[in-house]
Amino acid sequence: MNRVLVLVNITALIIGISYGLHGPILPLFAKNVIGATYSELGLIGLTNFIPYMFIPLFVGILLDRFNSRCLLALGAAINSASIYLLSIAQSVPEIMRFRIMRGVAHAFFWPPCQAIIATESTEKNRVKNIPGLQCFLLLDLW
């Protein structure tokens, strides 16, 4: 396997684990420590996915103009910042803002990874290389 593909999969594994680790804990933190209501918990969950619905389109446009590796690094940096900020959040609106950041980070992560895999893979191996990336990102849904 290509060295770049190995690095993309390692990056996906690290980010997937970070998503998977804080995802189940966040509602407990918001409910028990911050005092969020169940409707606020629903809004916290929603705020993560709203940016991810629209921003990948713009990231795709950016991929035509900028290096996909730079956009992937930007996504990883935004992800790291959002997880740190979530750990020091003191209110539901803060948690929602940081979850929006996480959605933006996800949008800056997934399309560049696919672009790198498409660029670095041969036609025969391209389809074979995508599932590894998807497995790591499924940790986010867990």
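### Section: the packing of helix 1 (residues 3-34) against helix 3 (residues 68-87)
When two helices pack together, their arrangement is given by the angle between the helix axes and by the axis-to-axis distance.
Piece 1. Two elements in contact, helix 1 and helix 3, have axes whose closest approach is 11 Å; the angle formed by their N-to-C orientations is 25°. Between helix 1 and helix 3, the angle is such that the two are roughly parallel. Where helix 1 crosses over helix 3, the handedness of that crossing is left-handed. When helix 1 is examined against helix 3, the residues Val-4, Ile-15, Ser-18, Tyr-19, His-22, Leu-26 and Phe-29 are found in contact with a partner set consisting of Arg-69, Ala-76, Asn-79, Ile-83 and Leu-86.
Piece 2. Of the residues assigned to the contact of helix 1 with helix 3, the class counts are eight nonpolar, three polar and one charged.

### Topic: the pattern of salt bridges
Piece 1. For the coordinates displayed, the defined rule picks out one salt bridge.
Piece 2. One salt bridge connects Glu-120 with Arg-69, and the closest N-O pair in it is separated by 3.1 Å. Here Arg-69 lies in helix 3 and Glu-120 lies in helix 4 (residues 92-120), a separation of 51 residues in the sequence.

### Remarks on the packing of helix 3 against helix 4
Piece 1. Where helix 3 meets helix 4, the axes come as close as 8 Å, and the angle between the chain directions of the two elements is 155°. In terms of orientation, helix 3 and helix 4 fall into the roughly antiparallel class. Our pair here, helix 3 against helix 4, has a crossing hand that is left-handed.
Piece 2. Residue composition of the contact of helix 3 with helix 4, grouped by class: 18 nonpolar, four polar and four charged.

### Here we look at the nonpolar core
Piece 1. Within the largest apolar cluster, 19 residues are counted, with the highest numbers of intra-cluster contacts made by Val-8, Leu-72, Phe-108, Phe-109, Cys-113, Ile-116 and Ile-117.
Piece 2. Mapped by element, the contributors of at least two residues to this core are helix 1, helix 2 (38-65), helix 3 and helix 4.
Piece 3. The element that contributes the greatest number of residues to this core is helix 4, accounting for seven residues.
Piece 4. Core analysis: the next-biggest nonpolar cluster, separate from the first, contains 11 residues, Ala-30, Leu-41, Ala-89 and Met-96 among them.

### Comments concerning helix 2
Because each turn of an α-helix spans 3.6 residues, side chains separated by three or four positions end up pointing in the same direction.
Piece 1. If you check helix 2, its first and last C-alpha atoms are 42 Å apart, about what 28 residues at 1.5 Å a residue would give, namely 40 Å.
Piece 2. Considered for burial, the residues of helix 2 that qualify are Leu-41, Ile-44, Thr-47, Asn-48, Pro-51, Val-59 and Leu-63.
Piece 3. Of the surrounding secondary structure, the elements contacted by the buried residues of helix 2 are helix 1, helix 3 and helix 4.

Rules used throughout
- Residues numbered from 1 in each chain as written.
- Predicted model: local features only at pLDDT ≥ 70, side-chain atom pairs only at ≥ 80, totals over all residues.
- Heavy atoms only, no water.
- Axes fitted to C-alpha atoms, helices over the stretch in contact; angles between N-to-C directions.
- Helix = DSSP H or I, 4+ residues; strand = E, 2+ residues; numbered from the N terminus.
- Parallel < 35°, antiparallel > 145°, perpendicular 65-115°, else oblique.
- Left-handed = near helix turned anticlockwise from the far one by under 90°.
- Contact = heavy atoms within 4.5 Å.
- Nonpolar A, V, L, I, M, F, W, Y, C, P; charged D, E, K, R; others polar.
- Salt bridge = Lys/Arg side-chain N within 4 Å of Asp/Glu carboxyl O.
- Core = buried A, V, L, I, M, F, W, Y, C linked by side-chain atoms within 4.5 Å.
- Buried < 20%, exposed > 50% of the residue type's maximum accessible area, 1.4 Å probe, protein only.
- Expected span 1.5 Å × (residues − 1).

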